[in-house]
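# Structure at a glance
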Amino acid sequence: MKKIRFTIYLLFAAIVAGSLTSCGDDDPVVNTVDEKETALAPVIPQYVNNTVIVTYKALADASIDLYQSLADLRNDRTQARLEAATQAWIQSRIHWERSEAFLFGAVADFGIDPHIDTWPLDEPAFLSTIRNEDFINSMADDEGDVWVADHLGYSLLGFHGIEYILFSEGRAKDVASVTDSELTYAAAVSGDLRNQCIRLEASWAGIDNVTASKRNLIEELELTVTPSNSAVSYGENMLNAGQPGSTYRTVTDAAVAIIEGCLTISTEVGEVKIGTSYNKDDVDYIESPYSYNSKVDFIDNIRSIENAYLGGMNAAQRGASVSDYVKGQDAALDGKVRSAIENAIAKIDAIPYPFAVNYASPQAGEAMDACAELTDTLNEVKTLLQQ
């Protein structure tokens, strides 16, 4: 993928600066350079290349590892292999949950979020599926990953059916309790999960910027990886913000989209992931209940906001960011955002483990409040960007 170079922005600024006009010698010169656009310009390539694409690459690679670990377990049923599969599941969850601050673009257009992360698992339908010999035989085929994508609903696909097979009450199951049918199911569903995660990476990085094996899989499955009516990747579309053909009319629009992605997940964590069970709306509506990974999921969601706002998948990769722009306009607001992120993480961490048992604890209510505070603060950032 092409990476925007700062020289482009400097050239742009010079060209626009050269277009200064005046109506007369005594009239003030009108500077047509959009200072906000110039200030935000380096934020977009940093976000695309060092937040989104690197996260999706890590997710795709982890999903490949998960698929392989389940294939190995299916071929050689040992406790050690099952425990390795649980660790591969946990690792892939980290990267998925840390991508949820950008649930737009390919993940939304192709329905990948519900495809791989619908919860809770439909346990009655799952048990019926496992007992269906014809279904299991189809899953055991070399194209079992394609079969499950075509025949199983979202509540039976993705992370949580695999989680159900591997975990019980936060621990790896005894391998002797896992059936052959369950392992066949897990291998097929993890193949479909892998396919969708590779699709995400290719959609943002561009098909020519993923490994040959990933590219071959995308082409073999004939998966769409570009926006509708466009030949460029989702990453290139955002990098082209403000240029003809991009869906982002201005660089500011792209920066606002970054914050809107953060707002989506801060609201979901507080009001839905924690709030649905805490408020007794549905006490079974708990993410990752078999692995007891719920709190880790929630914290990683807030980390995804931190990464998006600070401009990088981790501290070592950070650069130009929305935070930099906000700090230049309102340093107090930038500090407020950073503090709200840290507070949300701390309050979630304070919920007694496991969340699946302690969803009604006072600490869960405090975590909801902290997420609401973060949402309010991010809305202030959005307002600042739109001024």
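Because the structure is predicted, anything quoted here is derived from the model rather than measured. The residue numbering used here restarts from 1 in each chain and proceeds along that chain's sequence as written. Only residues with pLDDT of 70 or above have their local features reported here, since the model is predicted, and side-chain atom pairs are shown and tallied only from 80 upward, although totals for entire chains, interfaces and linings are computed over all residues. To obtain the side-chain values, all non-hydrogen atoms of the structure were included, while hydrogens and water were left out.

Moving on: the packing of helix α16 (residues 322-329) against helix α19 (residues 362-386). Remark: α16 packs on α19, axes separated minimally by 11 Å, with the N-to-C direction vectors making an angle of 75°. Put simply, α16 runs roughly perpendicular to α19. When α16 is examined against α19, the residues Val 322, Tyr 325, Val 326 and Gln 329 are found in contact with a partner set consisting of Val 381, Leu 384 and Leu 385. Classification convention: Asp, Glu, Lys, Arg as charged; Ala, Val, Leu, Ile, Met, Phe, Trp, Tyr, Cys, Pro as nonpolar; all other residues, Gly among them, as polar. Grouping the amino acids of the contact of α16 with α19 by side-chain chemistry returns six nonpolar, one polar and no charged. Helix axes are fitted to C-alpha atoms over the stretch in contact, other axes to C-alpha atoms as well, and angles between N-to-C directions run from 0 to 180 degrees. Going along the chain from the N terminus, every DSSP run of H or I of four or more residues is numbered as a helix, and every run of E of two or more is numbered as a strand. Comment on the angle field: the value is read as roughly parallel under 35 degrees, roughly antiparallel over 145, roughly perpendicular from 65 to 115, and oblique elsewhere. Throughout, a residue-residue contact means that at least one pair of heavy atoms, one from each residue, lies within 4.5 Å.

Ring geometry is summarised as follows: Phe, Tyr and Trp rings, the Trp one being its six-membered ring, pair when their centres sit within 6.5 Å, and such pairs are stacked at plane angles under 30 degrees, edge-to-face over 60 and tilted between the two. Summed over all chains, the structure comprises 14 aromatic pairs. Taken together, a centroid distance of 4.9 Å and an interplanar angle of 65° make the contact between Phe 126 and Tyr 164 edge-to-face. Here Tyr 164 lies in helix α10 (residues 159-166) and Phe 126 lies in helix α7 (residues 123-130), a separation of 38 residues in the sequence. Judged by centre distance (5.2 Å) and plane angle (55°), the rings of Phe 135 and Trp 147 are tilted. Of this pair, Phe 135 sits in helix α8 (residues 133-140) while Trp 147 sits in helix α9 (residues 144-151), and the two are 12 residues apart along the sequence. We classify Phe 135 as partly exposed; its relative accessible area is 32%. The class for Trp 147 is buried, based on a relative accessible area of 14%. By definition here, charges over rings are those cases where NZ of Lys or CZ of Arg is within 6 Å of the ring centre and within 35 degrees of the ring normal. A cation over a ring is seen here: Lys 173 above Tyr 164, with NZ or CZ 4.9 Å from the ring centre. Type-normalised accessible area, obtained with a 1.4 Å probe on protein chains alone, sets the label of each residue: buried when under 20%, exposed when over 50%, and partly exposed for intermediate values.

Further remarks concern the nonpolar core. Among the nonpolar cores identified, the biggest contains 105 residues, and Trp 204, Met 238 and Ile 274 are the most heavily contacted of them. When residues in this core are grouped by element, the largest group, 12 residues, is from helix α14 (residues 251-278). Residues grouped as a nonpolar core are buried Ala, Val, Leu, Ile, Met, Phe, Trp, Tyr and Cys residues, joined through side-chain atoms within 4.5 Å. Grouped together as the second largest cluster of nonpolar side chains are eight residues, Ile 198, Leu 217, Ile 218 and Leu 223 included.

The next subject is the environment of Ala 320. When you line up the elements, Ala 320 lands in the loop between α15 (294-310) and α16. Taking the relative accessible area as the measure of exposure, Ala 320 reaches 21% and is therefore partly exposed. In sequence terms Ala 320 and Ile 44 are 276 residues apart; their C-alpha atoms lie 8.3 Å from each other. Not counting residues up to four positions away in its chain, the partners in contact with Ala 320 are Pro 42, Val 43, Gln 46 and Gly 311.

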